[in-house]
Amino acid sequence: MALATGGLPANAGEGSGAPATRATGGDVSITVTEMRNAKGTVLACMTSDPERFPKCRGDADAYMVKVPAGKAAHLTFKDVKPGRYAIALLHDENGNGKADRALGMMPKEGFGFSRDAPVKMAPPKFGDAAFDYSGKSTSLTIRMRYML
């Protein structure tokens, strides 16, 4: 399995970071379930760009959140403008800013996607994880999954 969530930026800001230049919108609150421990950090990104999902690398409009894993039961993306988005989570247990893999393929750390998008031999496609956001505050639940 070649899961690409390791591309979530290690420099994603603590808490939530929507640049001041963005149009003001509501909040997208995430409840993370089934985390196996409180080690490391949880990196989260939300993008409207299908070409940048799930990594969000190079997407200046992506919303990023990085929190200590012990506090990751709830994450919030603030001031989100209306649109179609997909969310990727990485439980970076050792805090090295990337998804570690066994044998170069199998994820050793947890991951999760909006709409509980299925993971087969690769990360899900944007369309499988995408949801429409009206601009009004909303709550979603994302299940953390572990392969090893």
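In case you missed it, the structure is sitting above this.
On a predicted model such as this, the values are computed, not experimentally measured, just so you know.

Rules used in this analysis
Residues numbered from 1 in each chain as written. Predicted model: local features only at pLDDT ≥ 70, side-chain atom pairs only at ≥ 80, totals over all residues. Heavy atoms only, no water. Pairing = 2+ DSSP bridges. Helix = DSSP H or I, 4+ residues; strand = E, 2+ residues; numbered from the N terminus. Axes fitted to C-alpha atoms, helices over the stretch in contact; angles between N-to-C directions. Salt bridge = Lys/Arg side-chain N within 4 Å of Asp/Glu carboxyl O. Buried < 20%, exposed > 50% of the residue type's maximum accessible area, 1.4 Å probe, protein only.

Peer 1: Would you mind going over the sheet that holds strand 2 (residues 26-33) with me for this structure?
Peer 2: Strands pair in a sheet through their backbones, by hydrogen bonds, and they do so in one of two ways: parallel or antiparallel. In spatial order, the strands read 5-2-11; together these three strands make up an open sheet with mixed pairing. Edge positions in the open sheet fall to strand 5 (74-80) and strand 11 (138-143), since each of these has one partner strand only. Averaged over all adjacent pairs, the angle separating strand axes in this sheet is 20 degrees, with direction ignored. Note that strand 2 and strand 5 share five bridges and pair antiparallel.

Peer 1: Any chance you could explain the pattern of salt bridges here in plain terms?
Peer 2: Side chains bearing opposite charge may pair, as long as their charged atoms lie close to each other. In total, this model carries six salt bridges according to the counting rule given. Notably, a salt bridge pairs Asp49 with Arg52, separated by 3.6 Å at the nearest N-O pair. Taking the shortest distance from any N to any O, the salt bridge between Asp116 and Arg145 comes out at 3.4 Å. Taken together, the positions of Asp116 in the loop between strand 9 (110-113) and helix 1 (126-129) and Arg145 in the segment after strand 11 put the pair 29 residues apart, joining distant regions of the chain. Classification of Asp116 as partly exposed rests on a relative accessible area of 35%.

Peer 1: Hey, could you run me through the pairing of strand 3 (residues 41-47) in this one?
Peer 2: Here is the key point about a regular strand: its side chains alternate between the two faces of the sheet. Counting buried residues in strand 3 gives seven out of seven residues, a clear majority hidden from the surface. The alternating pattern of strand 3 places Thr41, Leu43, Cys45 and Thr47 on one face and Val42, Ala44 and Met46 on the opposite face, and all of these are buried. Alignment of strand 3 against strand 4 (residues 63-68), held across six bridges, turns out to be antiparallel. When the sheet's bridge partners are listed, Val42 is paired in strand 4 with Val67. In this structure, strand 3 lies alongside strand 6 (residues 83-92), joined through seven bridges in antiparallel fashion. Within the sheet, the bridge partner assigned to Val42 lies in strand 6 and is His91.

Peer 1: Help me understand the environment of Asp132 in this model?
Peer 2: Checked against the element boundaries, Asp132 lands in strand 10 (residues 131-133). Here the alpha-carbon distance between Asp132 and Ser48, two residues 84 residues apart in the chain, equals 9.8 Å.

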